Amino acid sequence: MTSPARKVSLTGIKPTGEPHLGNLLGAIQPALRLTGQYDSMYFVADYHALTTVRDADELARSSRSVAAIWLAAGLDPERSVVYRQSDLPEVFELSWVLSCVAAKGLMNRAHAYKAARDLNQGLGRSDLDAGVNMGLYNYPVLMAADILIADADVVPVGRDQLQHVEIAADVAGSFNHAFGDRYRLKIPQAIVPEAVAASVPGLDGRKMSKSYDNAIPLLSEPAALRKLVRRIATDSTGVDEPKDPDTSVPFQLLELFAEPQLAADVRGRLAAGGMGWGQLKDALGDTLVEALTPIRTAYHDLMRPDSDLDAILADGRDRARERARPVLEGVRSAVGVAAKH
Ligand code: ADP
Ligand code: TRP
């Protein structure tokens, strides 16, 4: 990293939930491809998860786990900076400064907070803020601090996070308006990386999602993978009858993970009536086992207590802090709390 000519991209990953194949193709791989174009920083947003998680062991484990998944999926710690949000005290100091320039009304309109209030309203509660902690309310300010402390140019996110990046840009503008004659924060730009597949289908044919109970977890063991594949809904077309590959969920999944030559062969056999659903599912099971085994193996290696994971995160922390320090110094000096003023 740190070639002065290249722009910097920053991605935050909240450590919650078990990732599935849709997350791999729709979020992880597209974000990893950006390393070709940007100096990339990836961090585990563990303090963002604290707005909901109440179990220390779970938070610690899922933070290591999400870092291990991204590394196993191809994140190269030599080329990119990988760190844990909680390892950068600079983020939290900037977060306070930003909350002193951010408009409260802007936070009232943030999606996550509005959704919590709408839920309370739907339940007929008189206190619309019931169950809302200040962490949830301040979530976009902390996210702005993550982005602005890294002096990031672009922030690749899914559509659900676009509003938060816009808020970060807005808050940076407010800071610059108040203190810009002394120090200016870089205004970040959100980008939505192009997905390998717009939508990876789940076992029931709907979009794969953890909320539909139709997901194939990325870290499934081979036997579990094959069992899930057998659950995929198919129609009653007979073995020898021609089938439309493009409306078949097992084929769509096969095409996303198989070598192009294999996918083309299977496509031909289905269309010609030379392959039954059972055979297709066997081929898909083999394909997924082959495609996912390297990721799963690398993941389990990284999760061992003696792996390189902690050293990678410590190195990432040092590199990220190097980038954060001058920004915080500029901000401290601009607002009037620097040692020498
Ligand atoms: P879920 O629907 O399982 O809760 P998330 O909302 O956590 O998934 O998804 C995180 C990211 O993963 C999203 O930004 C989206 O880009 C990607 N993603 C999730 N499901 C799919 C899918 N079925 N196909 C393609 N991309 C997906
Ligand atoms: N809020 C993001 C999510 O829920 C995670 C996140 C935290 C983030 N800080 C960030 C993403 C900074 C991009 C930049 O997925």
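These figures come from a predicted structure and were not determined experimentally. (Residues numbered from 1 in each chain as written. Chains lettered and ligands numbered in written order. Predicted model: local features only at pLDDT ≥ 70, side-chain atom pairs only at ≥ 80, totals over all residues. Heavy atoms only, no water.)

Focus: the nonpolar core
Our working rule: Put simply, buried Ala, Val, Leu, Ile, Met, Phe, Trp, Tyr and Cys residues joined by side-chain atoms within 4.5 Å make one nonpolar core. Burial status follows relative accessibility: with a 1.4 Å probe on protein chains alone, a residue under 20% of its type maximum counts as buried, one over 50% as exposed, and anything between as partly exposed. In DSSP terms, a helix is any run of H or I states spanning at least four residues, a strand is any run of E spanning at least two, and both are numbered starting from the N terminus. Here the limits of each domain have been adopted from an automatic or database domain assignment. By definition in these notes, contact holds between two residues if any of their heavy atoms fall within 4.5 Å.
If you look at the biggest cluster of nonpolar residues, it comprises 54 residues, and the most contacted ones within it are Leu21, Leu24, Trp70, Ile216, Leu254, Leu288 and Leu292. Per element, the largest residue contribution to this core is 11 residues, and it comes from helix 12 (residues 277–303). In terms of domain composition, this core takes at least three residues from each of domain 1 (8–198 + 308–335) and domain 2 (219–299). In contact with Leu288, other than residues within four places in its own chain, are Leu21, Ile216, Leu225, Val229, Phe257 and Thr293.

Regarding the site of ligand 1
The condition that has to hold: Consider each residue's heavy atoms; a residue with any of them within 4 Å of a molecule or strand counts as near. N or O atoms closer than or at 3.5 Å make up a polar contact, with two conditions inside protein: a donor-capable atom paired with an acceptor-capable one, and, for residues adjacent in sequence, both atoms drawn from side chains. Accessible surface area values rest on a Shrake-Rupley calculation with a 1.4 Å probe, where residue burial reflects the displayed protein chains alone. Throughout, the ten residues Ala, Val, Leu, Ile, Met, Phe, Trp, Tyr, Cys and Pro are labelled nonpolar, Asp, Glu, Lys and Arg are labelled charged, and all others, Gly among them, are labelled polar.
Around ligand 1, a shell composed of 14 residues is seen, among which His20, Val200, Met208, Ser209 and Lys210 lie nearest. Here an oxygen atom of ligand 1 sits 3.3 Å away from a polar atom, N or O, in the main chain of Gly26. The contact in question runs from a nitrogen atom of ligand 1 to an N or O atom on the backbone of Val200, over 2.8 Å. In isolation ligand 1 exposes 540 Å². Once the protein is present, 73% of that is buried. A per-class count over the shell around ligand 1 returns five nonpolar, seven polar and two charged.

Overview of the packing of helix 3 (residues 56–72) against helix 13 (residues 309–335)
For clarity, the cut-off: Lines fitted to C-alpha atoms define the axes here, with helix axes fitted over just the stretch in contact, and angles between the N-to-C directions of these axes take values from 0 to 180 degrees. For this classification, under 35 degrees means roughly parallel, over 145 means roughly antiparallel, 65 to 115 means roughly perpendicular, and everything else is oblique.
Packing of helix 3 against helix 13 brings their axes to within 11 Å, and their N-to-C directions diverge by 90°. Comparing their axes, helix 13 and helix 3 come out roughly perpendicular. Here helix 3 contributes Arg64, Ala67, Ala68 and Leu71 to the contact with helix 13, which in turn contributes Leu309, Asp310, Ile312 and Leu313. When its residues are assigned to classes, the contact of helix 3 with helix 13 shows six nonpolar, no polar and two charged.

Quick look at the site of ligand 2
Gly12, Lys14, Phe43, Ala45, His48, Tyr139, Met143, Asp146, Ile147, Val155, Val157 and Gln161 make up every residue found near ligand 2. Contact between ligand 2 and Asp146: a nitrogen atom at 2.7 Å from a side-chain N or O atom of the residue. A distance of 2.9 Å separates a nitrogen atom of ligand 2 from a polar side-chain atom of Gln161. With four residues, helix 7 (residues 134–149) is the largest single contributor of residues to the shell around ligand 2.

Notes on the environment of Tyr47
For Tyr47, the location among the structural elements is in helix 2 (residues 46–49). Once residues lying within four places of it in the same chain are set aside, the contact partners of Tyr47 are Gln85, Ser86, Phe92 and Leu142.

Things to note about helix 12
Operational definition: Here, expected helix span is obtained from the residue count minus one, scaled by 1.5 Å. Values of bend correspond, residue by residue, to the angle between axes fitted over the seven residues ending at that residue and the seven starting there.
Between its first and last C-alpha, helix 12 extends 37 Å over 27 residues, near the 39 Å set by a 1.5 Å rise per residue. Along its length, helix 12 shows its largest kink, about 40°, at Leu292, and proline Pro294 lies within four residues downstream of that point.

Looking at the packing of aromatic side chains
This is how it is decided: Pairs were defined over the aromatic rings of Phe, Tyr and Trp, the Trp ring being its six-membered one, requiring ring centres within 6.5 Å. Orientation was assigned from the angle between planes: stacked under 30 degrees, edge-to-face over 60, tilted for the rest. Either the NZ atom of lysine or the CZ atom of arginine qualifies as a charge over a ring when it sits within 6 Å of the ring centre and within 35 degrees of the ring normal.
For the structure shown, the criterion picks out five aromatic pairs. Relative to Trp70, the ring of Tyr42 has its centre 5.8 Å away and its plane inclined at 45°; by these criteria the two rings are tilted. Of this pair, Tyr42 sits in strand 2 (residues 39–44) while Trp70 sits in helix 3, and the two are 28 residues apart along the sequence. We classify Tyr42 as buried; its relative accessible area is 1%. Take Trp70: its relative accessible area is 6%, and that puts it in the buried class. A ring pair is formed by Phe175 and Phe179, whose centres lie 5.1 Å apart and whose planes are at 45°; its orientation type is tilted. With Phe175 and Phe179 both in helix 8 (residues 162–179) and four residues apart, the pair spans about one turn of that helix. The ring centre of Tyr212 lies 4.1 Å from the NZ or CZ of Arg206, which sits over that ring.

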